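One letter stands for each residue in the lines below.
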Amino acid sequence: MIVDPPVPLERRTSRPIPLFATVPAGFPSPADDYVEKSIDLNEQLVRNPTSTFFVRARGDSMRDAGIASGDILVVDKAVTAADKQIVVAMLDGEFTVKRLRRRNNRVFLESGNQDFPPREITPDQDLVIWGVVTFVIHQPK
Amino acid sequence: MTRFALVDCNNFYCSCERVFNPRLISVPVVVLSNNDGCVVARSEEAKKLGIKMGAPAFKNEAMFKRNGVQVLSSNYALYGDMSARVMSTLRTMAEHIEVYSIDEAFLSLEDSQGESFARELRARVRQWTGIPVSVGIGATKTLAKLANRWAKKNPHLNGVFDLTAVEPDEILARIECEDIWGIGRRTAAKLARVGIRTALDLRRADIPWIRDELGVVGERIARELNGISCVELEELPVSKKAIASARSFGHQVESIEKIQQALSTYIARVAEKLRAGKLLASRMEVFVETNPFKPESPQYHASAQATFMPPTDQTPELISSGISLLRRIYRPGFQYKKTGVMLTDLIPGDRVQMSLFEEGDGQQSHLQSVVDQLNRKLGQNTIRYASMGMEQTWKMRQLRKSHCYTTHWDELLVVGTS
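Summarised in this report is the structure supplied together with it. (Residues numbered from 1 in each chain as written. Chains lettered and ligands numbered in written order. Predicted model: local features only at pLDDT ≥ 70, side-chain atom pairs only at ≥ 80, totals over all residues. Heavy atoms only, no water.)

**Some words on the packing of aromatic side chains**
Remark: the centre distance and the inter-plane angle together describe each pair of aromatic rings, the angle taken between the planes. For the record, the criterion: Two rings from Phe, Tyr or Trp (for Trp, the six-membered ring) form a pair when their centres are within 6.5 Å of each other. A pair whose planes differ by under 30 degrees is stacked, one over 60 is edge-to-face, and the rest are tilted. Strands are runs of DSSP state E lasting at least two residues, helices are runs of H or I lasting at least four, and both sets are numbered from the N terminus onward. Exposure is judged per residue with a 1.4 Å probe applied to protein chains only, and the accessible area is read against the type maximum: over 50% gives exposed, under 20% gives buried, and values in between give partly exposed. Here, a charge over a ring means that NZ of Lys or CZ of Arg falls within 6 Å of the ring centre while also lying within 35 degrees of the ring normal.
In this structure the tally under the stated criterion is 18 aromatic pairs over all chains. For the pair A:F95 and A:W130, a centre-to-centre distance of 5.7 Å together with 90° between the ring planes defines the contact as edge-to-face. Note that A:F95 is positioned in strand β4 (residues 94–103) and A:W130 in strand β7 (residues 127–137), a separation of 35 residues in sequence. Note on A:W130: relative accessible area 4%, which makes it buried. Each ring, one from B:F334 and one from B:Y336, has its centre 6.3 Å from the other, and the planes form 65°; the classification is edge-to-face. On the accessibility criterion, B:F334 (17% relative accessible area) is buried. The ring of A:F108 carries the charged tip of A:R103 above its face, separated from the ring centre by 5.1 Å. One cation-aromatic arrangement involves B:K141 over B:F106; the distance from NZ or CZ to the ring centre is 4.9 Å.

**A word on the sheet that holds strand β7 (residues 133–138) of chain B**
Residues and elements named next belong to chain B. To be explicit about the condition: Two strands are said to pair when DSSP picks up at least two bridges between them. Here, axes are lines fitted to C-alpha atoms. For helices the fit covers the stretch in contact, and angles between N-to-C directions go from 0 to 180 degrees.
Spatial ordering of the open sheet is given by β5-β6-β1-β7-β8, a layout of 5 strands whose pairing is mixed. Two strands lie at the open edges of the sheet, namely β5 (97–101) and β8 (160–162), each paired on one side alone. Put simply, the sheet's adjacent strands are angled 15° from each other on average, direction ignored. Bridging between β5 and strand β6 (residues 104–109) involves 4 bridges; their strand directions are antiparallel.

**Focus on the side chain of B:T312**
All names here are of chain B. Counted only if it meets this: Two N or O atoms form a polar contact when they lie within 3.5 Å of each other; inside protein one atom must be a possible hydrogen donor and the other a possible acceptor, and for residues adjacent in sequence the pair counts only when both atoms belong to side chains. Contacts were defined at the residue level, with two residues in contact if any of their heavy atoms lie within 4.5 Å.
Within the secondary structure, T312 sits in strand β11 (residues 301–312). For T312, a relative accessible area of 4% corresponds to the buried category. A distance of 3.0 Å separates the side chain of T312 from the backbone nitrogen of Q314, its partner in a polar contact. In contact with T312, not counting residues within four places along its chain, are L274, L280, A281, E317 and L318.

**Some thoughts on the sheet that holds strand β3 (residues 86–91) of chain A**
Across the sheet, 8 strands lie side by side as β6(A)-β5(A)-β4(A)-β3(A)-β7(A)-β2(A)-β1(A)-β13(B); this open sheet has mixed pairing. Each of the sheet's edge strands pairs with one partner strand only, and the pair in question is β6 (119–120) of chain A together with β13 (413–416) of chain B.

**Some details on the interface of chain B and chain A**
Cut-off, in case you're wondering: In what follows, salt bridge is the name for a side-chain nitrogen of Lys or Arg lying within 4 Å of a carboxyl oxygen of Asp or Glu.
Facing 39 residues of chain B, the contacting portion of chain A comprises 39 residues. Linking chain B with chain A are 1 salt bridge. Here B:R23 and A:E94 are joined by a salt bridge, their closest N and O atoms 2.5 Å apart. At the level of elements, α1 (12–20), α4 (76–91), β5, α5 (115–129), β9 (242–253) and β13 of chain B are the ones that each hand at least two residues to the side of chain B that touches chain A.

**Some thoughts on the pairing of strand β1 (residues 52–58) of chain A**
Looking along a regular strand, one sees the side chains alternate between the two faces of the sheet. Here β1(A) runs beside strand β2 (residues 72–76) of chain A; their pairing, made up of 5 bridges, is antiparallel. Each bridged residue has a counterpart across the sheet, and for A:R56 the counterpart in β2(A) is A:I72. Where β1(A) meets β13(B), 4 bridges bridge the pair, whose relative direction is parallel. Opposite A:A57, over in β13(B), you have B:V415 as the bridge partner.

**Section: the environment of B:I137**
Here B:I137 is to be found in strand β7. Along the primary structure B:I137 and B:D162 are separated by 25 residues, whereas in three dimensions their C-alpha atoms are 4.5 Å apart.

**Observations concerning the packing of α4(B) against α5(B)**
Residues and elements named next belong to chain B. Put simply, the rule is: Oblique is the label for any angle not under 35 degrees, not over 145, and not in the 65 to 115 range, which are roughly parallel, roughly antiparallel and roughly perpendicular in turn. By definition, any crossing whose near helix is turned counterclockwise from its far helix by less than a right angle is left-handed, and any crossing with a clockwise turn is right-handed. Only Asp, Glu, Lys and Arg are considered charged in this grouping, and only Ala, Val, Leu, Ile, Met, Phe, Trp, Tyr, Cys and Pro are considered nonpolar; every other residue, Gly among them, is considered polar.
As a packed pair, α4 and α5 sit with axes 10 Å apart at the nearest point and diverge in direction by 140°. When the axes of α4 and α5 are compared, the pair comes out oblique. Note on packing geometry: the crossing formed by α4 with α5 is right-handed. Within the contact between the two elements, α4 uses M82, R85, V86, T89 and L90 and α5 uses L121, R124, V125, W128 and T129. Class assignment of the residues belonging to the contact of α4 with α5 gives a composition of 6 nonpolar, 2 polar and 2 charged.

**A few points about the pattern of salt bridges**
For the structure shown, the criterion picks out 21 salt bridges over all chains. Across the pair B:D179 and B:R149 runs a salt bridge whose closest N-O atoms are separated by 3.1 Å. Here the residue B:D179 occupies a position in the loop between α7 (169–172) and α8 (185–193), and B:R149 occupies one in helix α6 (residues 141–153), the gap between them amounting to 30 residues. Here the residues in one salt-bridge network are A:D83, A:R101, A:R103 and A:E110, joined through shared partners.

**Remarks on the state of the cysteines**
Residue and element names in this part refer to chain B. We count it as follows: Defined by distance alone, a disulfide is two cysteine sulfur atoms within 2.5 Å.
On inspection of all chains with the given rule, the structure shows 0 disulfides over all chains. With no disulfide partner, C230 has as its closest neighbouring cysteine sulfur the one in C177, 17 Å distant. By relative accessible area, which is 30% here, C230 ends up partly exposed. Free of any disulfide, C404 has its nearest cysteine sulfur in C16, 12 Å distant. Exposure remark for C404: the relative accessible area of 4% places this residue in the buried category.

**Quick notes on the environment of B:K338**
Residues and elements named next belong to chain B. Counting through the fold element by element, K338 comes out in strand β12 (residues 336–348). The exposure class of K338 is partly exposed, given its relative accessible area of 26%. Taking the C-alpha atoms as reference, K338 lies 9.2 Å from A262; in sequence the two are 76 residues apart. K338 has contacts with A246, R247, S248, F249, F287, V288 and E289, leaving out every residue within four places of it along the chain.

Written out as structure tokens, the structure reads:
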């Protein structure tokens, strides 16, 4: 059995642009002093690469919360879930995406769709917050 | 005083699978080796059923079914990614860390860091990655290993044990020599013959006698058990001495074409690893073998080596050398079970001594890096060398592999919203 030793984590996959333009004639480009690293979307979407996972949403019950079926969710496991945050949770052995609500020591999972009423989590249910949804990547139709 | 911590992921492969599949939680889970051959990882529940490491899968099929054991093929892409996440989580809390294996790391601790630090470490790895770990603390790496083992064996410790915070003799007396890091079964038997049975016995043994009997390695272990650190933290990975890829075929193969396809695929893979590590290979070994577990069919195995001067990292060159080695050792009329390649005498890529008049093959390297990039982006073997074949009927069996949740866009975890 061959097991590769773990590779250092390098998740930033920006498209490199040349930092210094080549100037054949020897005249420095007036823009040289202003060249910056190009924008990397990961800097915006992935705050903590170590604890960030991508998952795909299926279903319409979070539509009004801005999550359509097929969207990619950026999920950070390092974030501790607070009231009103959208979370990926394991509820009784199934994954689900819902808005977490805490009111007077009671816990609810709320849908983002009026057709689905909020669901109170009873003490005999097994709820584990897997991670907090920090961004939604949605392709417009 | 220096102290070491050993952080070890609990049942690592099973734990990785559980992060993405809640149905595997609290039920017995086993992960099989390449080709779904034998058990290489077991959850606690599977251990309790008496399933042994290395147990052949096909012989236990009925037993697995009877006990509701969840059986998975190994998913090294997932385990590798999760391992990297665990290690970089540790790096956020510890400055000095040695990645010892895919699921273990040694840390050197500050004076103020003890059990409560270990608990924070454990909690953070669990939250950030979902992977449960155990932490053992000791005055030496050997003792840290033992402390970790103790933490695992005693669930009431909740995954952390600091051997420097207690009188160690009582614990060492309850650990057998065979369970000490670096002591194999043969050495343990040798020690048992002179009455050295436990870690405590070995700690109290006469060091010069140990050196005479077990050599410097044994002496080092005895000293480490006495709290004298002899094995330092190796923070920089020791540069790889060899890269290999060898697998069994899904079924037996006779034709040289099929073997050649498999071999070319393995070579393409090791060549990619070579370039990823910025290394060049000076030597290559290729081997073929029949199935030694089928003594009734004719047996054959052979290997051949080649030297590259100058050393190379170019897939076409490596594949054509590999194929000519294969042609030298292949004999028709045998049912082959396995082939493989090993690249050795590796040197860092920037140290090549290009001879003065040799033309650097810039075009070739550029092509190679484009191919590597595409394969990384679009999945392994999207762009392949013709000799790797298109059908790949020799391919290994991996019938029960989970998704590559963290390394492939089209295999992401799917989560229902309702």
